[in-house]
Amino acid sequence: MDQQAAPQEPFQMPAIWGKRIPGRNKHFTGRQNLLDQLRTSITSTAKAAVVPQSLQGLGGVGKTQLAIEYAWRYRGSYDLVWWVPADHPMLVPSTLATLAEDLKLRPANSVGIEEAAASVRDALQRGDPVERWLLIFDNADEPEDIRDFIPEGGPGHVLITSRNSRWSGVAETVPVDVFSTEESVAFLRKRLRKEVPQKEAEHLAGKLGDLPLALEQAAALQVMTGMSTEEYVEQLALQARDLLELGKSTEYPLSMTVAWQLSVNEIEKRLPEAATMLRCLAFFGPDPIPSAAFRRGSKSGVKLMAPILAKPVLMAQAFGELNRFALVKIEKEAGTVQVHRLVQALLRDSLDPNSREEYKHEVHLLLASGSPGDPEDTANWPHYADLIPHLRPAGVVECADREVQRFAIDITRYLFQVASYSSARRFAEDFLGHWTKIYKEKDENVLRLRRHLGNVMWQAGAFEGSRELNEQTFDHMREVFGEKHEETLRIRLAVAADLRAKGMFQEAFEQDTESLKLHEEVFGRAAPATLRVLNNLALDHLLLSQFESALDLAQLVYIEQSSAKSGISKWDLQTSWNALARTVMLYGDHDQACDVGEEAYAHGRSELGIEHPLTLVAARDLSIARRRRGDLDEALELVEETYTRLNKIFGADNPETMSTQVAFSNTLRQVGRTAEAMAMAQQAHARYEQVFRDHPFTHGCLMNLAALYRMRGDADRASKLDQQAYEGLKNRLGPKHGYVFGALLNLDGDMAALGNVAEARRCGEVVLEQVRDFYGPDNLLTLSAAVNLALDLDADGQPEQAQALYENTMRRYERYAGQHPERIHASQKRRFIRDFDPISL
């Protein structure tokens, strides 16, 4: 009786059947003992049933095929079956997250990939809403890479395939070996669709070491050529002798090597172009290869592949022939082709060094021509993601071809756009390391990539390295490209950002002002590149406490970008939308800031994703606007959620995480959770000292610490911190700046708390005069200074003056809504304390 004829469980399809589950292998044979052992193990333990490789790390024994067969054979036992390719651990969360909607959970575009994946894991652990589930992680390597995504216990089952024996310490293990002789014979008879004599089949299986992958290729060759089993064995012997005489590598089983070589030889005779295609495929990664790389490759400059790519019918024939010989796996719906990693390794080893380099370069050109286009266009992001796994296996980093270099620059830009900063930096630094050996530092592509690397480093908070790189690149670009070249103009913006990161706000303003003149001259006033400069200038105005002019610029940029029909990326629009919401908030209109901020946050979630840094910046700024409007519960919920995401994704030392930690601390203080607020404020200040050093933001964080100490009743400590903040801010920004006024206003309050009434009054008079001169009589900071001075005057024995000032101030508050938090605060005759919130630079 054929071993495949074992009884099966009911075969109705589960309600949730993953789209990534491979089709059932119609040639699957035997393995009944393994399937029985696996079924027993998986149903009798809550642990994951692991299927590691047992042939000293070699592939080809059929672990994945066994997992596929298990999923199909026992599908009737499950209501959910989901397949997770695990050879790239960084992609595991997104694959799991796609299950969220099927489980009636909030989707990834609403809560982020990490949170959606975690919610899926938790739901499976609970068995709610699905109890009978099967989760398959295929080709997992290190247990640590995916352990966090494996449900612990629960009513369902987890199956893992791996070549790593370390999984035996984590889960129940079912070792997978080569076929038994009986299984090999049964497989050959089924695959060849004829009754092969027992001795012939056993002889062939023995020659191939009962390795399933080798047997599959041997059978495919016989089916395609009509070769008998005896003839195939004779060819195996001849091929093995030739290989041994040539001294070929023995890293792989000889049985697999000779079987593969026979298949390639036959392909070479039948359709040489298919053999060329196969060798080319060997230099991609083992992941699915987008077919688009070949469709677009006819004009890529390839030589070996040119005759094939020029004829779509021939290309389709070549792929079909390779598929029929079981040398590739084609997924037509997904638009991909895939080659087993062992076959790839054998193909690469069969070539001489010169041929290997030729084929590698063909792949470089195909990848470059397969580039989907503008990396700032979010529609292209999934296509770039499909190419990333092939860059290092193909050795793209080492390629000096100009078109391939431009592709490498686009890859860096894509990784920057999706905020994969560590990957972007590694790729860019590796590319530059090779390019500069060939073309030196002043090569045009080297300079272009250096600019993008500077951007990546800046966003990741490596400000000092970014500044040094950008300054040198700026000098080289002016020499190589000239002052008015687009690349030189773009690096100018990075130089201004470096100045802001150093706290040199006036110098950044001057740099951007000069950039604006050049951009208007070269591109025009409303060009996308010019609008970016205007957006930066709006930020410069904000940082110089020039709120009205900042608002005018922010509105101008947003109107132009949001109404543009082309040339404006979603990144650009999100940046200007965030800037507008932030500027309205700092201008003092908290209701409108919340309205605009809600829109900006919704746009970010919809177009960039909940975990994109620009979306998270919008969330943080919205939380601050809510806090300043008095919606403390909503503000706290949003800022805590945002801080958690930023910290998890980008780390505690990322500038946006740090800024959000400050906002979190300020919100905790206002809801009365002062101990938690103090711990966060201390951590934030320490990080600002480490990352920003002598920066206005570092000094500003002292104001928040001082406010917490004053709330504790330690006015002396608060006074020292506010004095330190005031001196530091004044030294960096001069006496006429909003941050400086805020520190001085708080210092006035410290004096009052210490009982230094006269000194507090004198300080309050100075603050009010300076703020009124700078902002005018109706600005919120002016009004808060007036309220504080009224309190000081009353405490100093001047009640009439105090009352007159207070009444005048309350009349001026009438221009603000009756429920405005600061108006209510003033009506209660309570002293104002100004907190500090760093903004995005």
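Residues numbered from 1 in each chain as written. Predicted model: local features only at pLDDT ≥ 70, side-chain atom pairs only at ≥ 80, totals over all residues. Heavy atoms only, no water.

Peer 1: Just give me the short version of the overall build of the chain, but keep the residues and values in it.
Peer 2: For the chain, the helix and strand inventory stands at 40 helices and 9 strands. Dimensions of the chain, computed from C-alpha atoms along their principal axes, come out at roughly 115 × 65 × 40 Å. Of the contacts made within the chain by residues no fewer than 6 positions apart, 69% connect residues no fewer than 24 positions apart. Surface exposure of the chain reaches about 34800 Å², of which carbon and sulfur atoms provide 48%. Counting 97 positive and 119 negative side-chain charges, the chain places the averaged centre of each group 2 Å from the other. (Helix = DSSP H or I, 4+ residues; strand = E, 2+ residues; numbered from the N terminus. Contact = heavy atoms within 4.5 Å. Areas by Shrake-Rupley, 256 points an atom, 1.4 Å probe, with all protein chains shown as cover. Lys, Arg positive; Asp, Glu negative; His and termini not counted. Charge placed at Lys NZ, Arg CZ, Asp CG, Glu CD.)

Peer 1: Describe the pairing of strand 3 (residues 80-85), and please don't skip the residues or the numbers.
Peer 2: The buried fraction of strand 3 is high, at 5 of 6 residues. Of the pairings in the sheet, the one linking strand 1 (residues 16-17) to strand 3 comprises 2 bridges and is parallel in character. Its bridge partner being in strand 3, Ile16 is matched across the sheet by Leu80. Pairing geometry for strand 3 and strand 4 (residues 133-140), over 6 bridges, is parallel. If you follow Val84 over to strand 4, its bridge partner there is Phe137. (Buried < 20%, exposed > 50% of the residue type's maximum accessible area, 1.4 Å probe, protein only. Pairing = 2+ DSSP bridges.)

Peer 1: An account of the confidence of the model for the chain is needed here, citing residue identities and associated values.
Peer 2: For the chain, per-residue confidence averages 89 on the pLDDT scale, and residues scoring 70 or more make up 94% of the total. Throughout residues 46-58 the model reports pLDDT below 50, and contacts reaching past four residues in sequence, or to other chains, amount to 51 contacts. Note on residues 247-251: pLDDT is under 50 here. Beyond four places in sequence and across chains, it has 6 contacts. (pLDDT = per-residue confidence, 0-100.)

Peer 1: Break down the packing of helix 7 (residues 181-192) against helix 9 (residues 212-225) for me, citing the residues and quoting the values.
Peer 2: At a closest axis distance of 9 Å, the pairing of helix 7 and helix 9 adopts a crossing angle of 30 degrees. Considered as vectors, helix 7 and helix 9 are oriented roughly parallel to each other. Crossing angle aside, the handedness with which helix 7 passes helix 9 is right-handed. Contact residues: Ser184, Phe187, Leu188, Arg191 and Leu192 in helix 7; Leu215, Glu216, Ala219, Ala220, Gln222 and Val223 in helix 9. (Axes fitted to C-alpha atoms, helices over the stretch in contact; angles between N-to-C directions. Parallel < 35°, antiparallel > 145°, perpendicular 65-115°, else oblique. Left-handed = near helix turned anticlockwise from the far one by under 90°.)

Peer 1: Tell me what's going on with the sheet that holds strand 9 (residues 336-338), and back it up with residues and numbers.
Peer 2: The 3 strands are arranged 7-9-8 in an open sheet whose pairing can be described as antiparallel. In this open sheet, the two edge strands, each paired with only one partner strand, are strand 7 (289-290) and strand 8 (329-331). When strand 7 meets strand 9, the two strands line up antiparallel, connected through 2 bridges. Residue pairing for strand 9: Ile289 is matched across the bridge by Val337.

Peer 1: I'd like to hear about the pairing of strand 5 (residues 157-162), residue by residue, with values.
Peer 2: Of all 6 residues in strand 5, 6 are buried, a share of seventy percent or more. The side-chain alternation of strand 5 yields two buried faces, one formed by His157, Leu159 and Thr161 and the other by Val158, Ile160 and Ser162. Strand direction decides the pairing type here: strand 4 and strand 5, joined by 5 bridges, are parallel. Note that in strand 5 the partner of Leu135 across the bridge is Val158.

Peer 1: Describe in detail the packing of helix 12 (residues 272-281) against helix 17 (residues 353-369), supporting the description with residues and values.
Peer 2: Relative orientation of the contacting elements helix 12 and helix 17 amounts to 80 degrees, with a least axis distance of 8 Å. Viewed along their axes, helix 12 and helix 17 adopt a mutual orientation that is roughly perpendicular. Two secondary-structure elements touch here, helix 12 through Thr276, Arg279 and Cys280 and helix 17 through Tyr359, Val363 and Leu366. Residue composition of the contact of helix 12 with helix 17, grouped by class: 4 nonpolar, 1 polar and 1 charged. (Nonpolar A, V, L, I, M, F, W, Y, C, P; charged D, E, K, R; others polar.)

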